[in-house]
Amino acid sequence: MSSSTSLLRDDLVLSEGRPPLLGVSGDATEWTTRHRDALRALVAEHGAVLVRGLGLTDRARAGTVLTRLADSLMPEKEAFAPRESGADGLHSSTAWPPNQLMCMHHELSYAMEFPGLMLFACLTPPAEGGATTVADGEAVLAALPAELTERFEREGWLLTRSYNDEIGATLEEAFGTDDRGAVEAYCRVHAIEYAWQDDGSLHTRQRRSAVVRHPVTGRRCWFNQIAFLNEWTMETEVREYLVDVYGEDGLPFNTRFGNGDPVGPDVVEAIQDVYTAHTRREPWQAGDLLLVDNIRTAHSREPYTGDREVLVGLADPVRFSDVSTPLEGTAR
């Protein structure tokens, strides 16, 4: 253990229901350079750390800090909602209705390559709400009903998506192109079944592990977006409208058990209840920095009012094949 890590650990505040909080002072770039490895060690130990006092209220300063903290930054592919991405590899927060909860999830947990580390810098805090909350994936796995987690561990989970120009992410927003050949090539490489519809829309299916082993600790973590991307977490009127217009198979996204069986509202409620019981939250203050181990720790975004600007870094890509286990059977 380095002396720098010991010093930061001594200053770390651990409170029930809140993420570990580290109050610091000094020049943001200089502090980050000096304490980078120690800070990352704390994230590995606790799953998430909120740093307060670096004053990351403008994009240039925040971008420098996020870039220095990352081993590498990665672009976003297969986005379920649009976000602005900069040439520096950093992104805006996902465009999601401010009045709606963005449920707990692990970023890109349906992709064959996903970020191992999530970095968030709050440039402008909202007037009310809008916290980026976190929940420990190991604890969530242990607290969920055993029969449910055992089934998902055997079968995995299935994500179905429908891409068109009217709802959800467009082809270009999700794949970076609307060229059919390029999209098909991407799907083949990334184990995504695809089918073009008569109206020109694209339907896809991808089966992934719901429980993975952390590449460093080897511990099993609940790692997916089963509840978040399920039809039963949509606002009732929104779901009813989309089903009426596009049909059950035309929803922008939905989730199923790995064998293709529907995931009902009772399952979604059970998952959401456990997430709620394990949620840790701290309201954003201007200039805050949040680091999240994306494999061990899920995150969400609460509804909010007022302006809210958070700079996001998807860092340190991990291959799904390095953390997942073989699944039984074949999705239908």
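Enquirer: Before we go on, may I ask you to explain the nonpolar core in this structure?
Expert: For soluble globular proteins, nonpolar side chains are generally found buried alongside one another. Ranked by size, the top nonpolar core spans 58 residues in total, and within it Phe-152, Trp-222 and Ile-271 carry the most contacts. If one sorts the elements of this core by residue count, helix H9 (residues 265-277) sits on top with five residues. Not counting the four nearest positions on each side in its chain, Phe-152 is found in contact with Trp-157, Ala-210, Trp-222, Ile-226, Arg-256, Phe-257, Val-263 and Val-267. Core analysis: the next-biggest nonpolar cluster, separate from the first, contains 28 residues, Leu-8, Val-43, Val-65 and Leu-291 among them.

Enquirer: How should the packing of helix H2 (residues 28-46) against helix H3 (residues 59-69) be read in this particular structure?
Expert: The description of two packed helices rests on the angle between their axes and on the distance between the axes. Running from N to C, H2 and H3 cross one another at 30°; their axes reach a closest spacing of 9 Å. Overall, the two elements H2 and H3 adopt an arrangement that is roughly parallel. Once H2 is placed against H3, the crossing between them reads as right-handed. Contacts between H2 and H3 pair Ala-28, Thr-29, Thr-32, Thr-33, Arg-36, Leu-39 and Arg-40 from the former with Arg-61, Thr-64, Val-65, Arg-68 and Leu-69 from the latter. Counted by class, the contact of H2 with H3 contains four nonpolar, four polar and four charged residues.

Enquirer: Is there a simple way to explain the pairing of strand E14 (residues 253-257) in this structure?
Expert: One face of the sheet, then the other: side chains in a regular strand alternate in exactly this way. Extensive coverage of E14 is indicated by the burial of four of its five residues. In terms of strand pairing, strand E9 (residues 157-163) meets E14 through five bridges, oriented antiparallel. Residue pairing for E14: Leu-159 is matched across the bridge by Thr-255.

Rules used in this analysis
- Residues numbered from 1 in each chain as written.
- Predicted model: local features only at pLDDT ≥ 70, side-chain atom pairs only at ≥ 80, totals over all residues.
- Heavy atoms only, no water.
- Core = buried A, V, L, I, M, F, W, Y, C linked by side-chain atoms within 4.5 Å.
- Buried < 20%, exposed > 50% of the residue type's maximum accessible area, 1.4 Å probe, protein only.
- Helix = DSSP H or I, 4+ residues; strand = E, 2+ residues; numbered from the N terminus.
- Contact = heavy atoms within 4.5 Å.
- Axes fitted to C-alpha atoms, helices over the stretch in contact; angles between N-to-C directions.
- Parallel < 35°, antiparallel > 145°, perpendicular 65-115°, else oblique.
- Left-handed = near helix turned anticlockwise from the far one by under 90°.
- Nonpolar A, V, L, I, M, F, W, Y, C, P; charged D, E, K, R; others polar.
- Pairing = 2+ DSSP bridges.

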